[in-house]
Amino acid sequence: MEKHWSLVNGRVVYYLSGGSAANQAIVLLHGYGMTGWVYEKLGTLLSQNYFVVIPDLPGFGKSEGLPEAKLEQIAENLIGFLEKLGLSKAIIIGHSLGGGVAIQVGRLSPKRVETLILLNSSGAPVKRSFWGWILAACKKTLKSLHRPLGAFRVSTAFTLNCFVHPLWMLKTFHVVVNCDLLAELPSLGVLMKVGWSERDEYYSLPVCAAFCSAAAVRPLI
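Here is a short report on the structure shown in this document. All figures in this text were calculated on a predicted structure; none of them were measured in a lab.

### Things to note about the packing of aromatic side chains
For the coordinates displayed, the defined rule picks out five aromatic pairs. Here the aromatic rings of Tyr32 and Phe60 are separated by 6.4 Å at their centres, their planes lie at 85 degrees, and the arrangement is edge-to-face. Of this pair, Tyr32 sits in the loop between strand E3 (25-29) and helix H1 (40-46) while Phe60 is found in the loop between strand E4 (51-55) and helix H2 (71-85), placing the two residues 28 residues apart along the sequence. Residue Tyr32 is classed as buried on the basis of its relative accessible area of 18%. Ring pairing ties together the aromatic residues Tyr32, Phe60, Phe158 and Phe173, which thus form one cluster.

Structure, rendered in structure tokens:
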């Protein structure tokens, strides 16, 4: 995967890319607190058959933040980024926060979306106390230790974001846990797939069921 910087509406976007630009494009959107670096290995595998683009979402990693932490603004920034790359249509895969952003891209620019793939996506409110989130994070970290390299990348990215972008992390945390996009799913008008892990500590299976019911799709669990 190659490293790049792009300027979108005067703001820096850092991203990884790999594969032939002649192939079908896949855009991977990372989860809350993460960076594109976390998905570098997956991007390398996909780049054998696709043109893969993995941006650091605004305010995370090496990408510049936005005036407000709103999914719609993040999605508009991403649409501008895709226009800058000349990607008129792409498979968009969104995990966690990235899923919420992907939904907004599908709403704002549906013709740009070949397929929308949501993996343990934000978009349904999750009622949990602050300490409940801390406990869920600890459980998820422990469950990931059987894959030490992946756990290292996730924990490193999260820690660096907390140190470098603490205020943005706080603002986007509230966005992730409180956003409700379920009413928008039926009217998106794009091909949609929903994948969920029953081991996920943040977004439970009832959240998955709410997503699938609203989108009228069967989950891949």
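Past the structure itself, the notes keep going.
### Some thoughts on empty space enclosed by the protein
Throughout the structure, instances matching the rule amount to one cavity of 30 Å³ or more. For the largest cavity, the calculated volume is near 50 Å³. Of all the elements, H2 adds the most residues to the lining of the largest cavity, at four residues. The class makeup of the residues in the lining of the largest cavity is seven nonpolar, one polar and one charged.

### A look at the nonpolar core
The biggest cluster of nonpolar side chains holds 52 residues, and the ones touching the most others in it are Val101, Leu116, Leu185 and Phe211. Sequence-distant contacts of Leu185, that is, excluding residues within four places in its chain, are made with Ile103, Met192, Phe211, Ala214 and Ala215. Counting 13 residues, the second largest nonpolar core, distinct from the first, contains Leu16, Ile26, Val38 and Ala157.

### Section: a nonpolar patch on the surface
There is a patch of nonpolar side chains on the surface, built from Trp37, Leu149 and Phe152 and spanning about 300 Å² of accessible area. Note that Phe152 resides in helix H5 (residues 148-164).

### Quick word on the packing of H2 against helix H3 (residues 97-108)
For the pair H2 and H3, interaxial distance at closest approach is 8 Å and the crossing angle is 70 degrees. With respect to each other, H2 and H3 are oriented roughly perpendicular. Across the interface between the two elements, Leu71, Glu72, Ile74, Ala75, Glu76, Leu78 and Ile79 from H2 touch Leu97, Gly100, Val101, Gln104, Val105, Arg107 and Leu108 from H3. Looking at side-chain class alone, the contact of H2 with H3 contains nine nonpolar, two polar and three charged residues.

Parameters at a glance
- Residues numbered from 1 in each chain as written.
- Predicted model: local features only at pLDDT ≥ 70, side-chain atom pairs only at ≥ 80, totals over all residues.
- Heavy atoms only, no water.
- Phe/Tyr/Trp six-rings, centres within 6.5 Å; stacked < 30°, edge-to-face > 60°.
- Helix = DSSP H or I, 4+ residues; strand = E, 2+ residues; numbered from the N terminus.
- Buried < 20%, exposed > 50% of the residue type's maximum accessible area, 1.4 Å probe, protein only.
- 1 Å grid on protein atoms, 1.4 Å probe; cavity = no way out; pocket = protein on both sides within 12 Å on 5 of 7 lines; lining within 4 Å.
- Points joined across faces, edges and corners; volume = space filled by probe spheres on them.
- Nonpolar A, V, L, I, M, F, W, Y, C, P; charged D, E, K, R; others polar.
- Core = buried A, V, L, I, M, F, W, Y, C linked by side-chain atoms within 4.5 Å.
- Contact = heavy atoms within 4.5 Å.
- Patch = residues over 30% accessible without salt bridge, like charges linked within 9 Å, V, L, I, M, F, W, Y side chains within 5 Å.
- Areas by Shrake-Rupley, 256 points an atom, 1.4 Å probe, with all protein chains shown as cover.
- Salt bridge = Lys/Arg side-chain N within 4 Å of Asp/Glu carboxyl O.
- Axes fitted to C-alpha atoms, helices over the stretch in contact; angles between N-to-C directions.
- Parallel < 35°, antiparallel > 145°, perpendicular 65-115°, else oblique.

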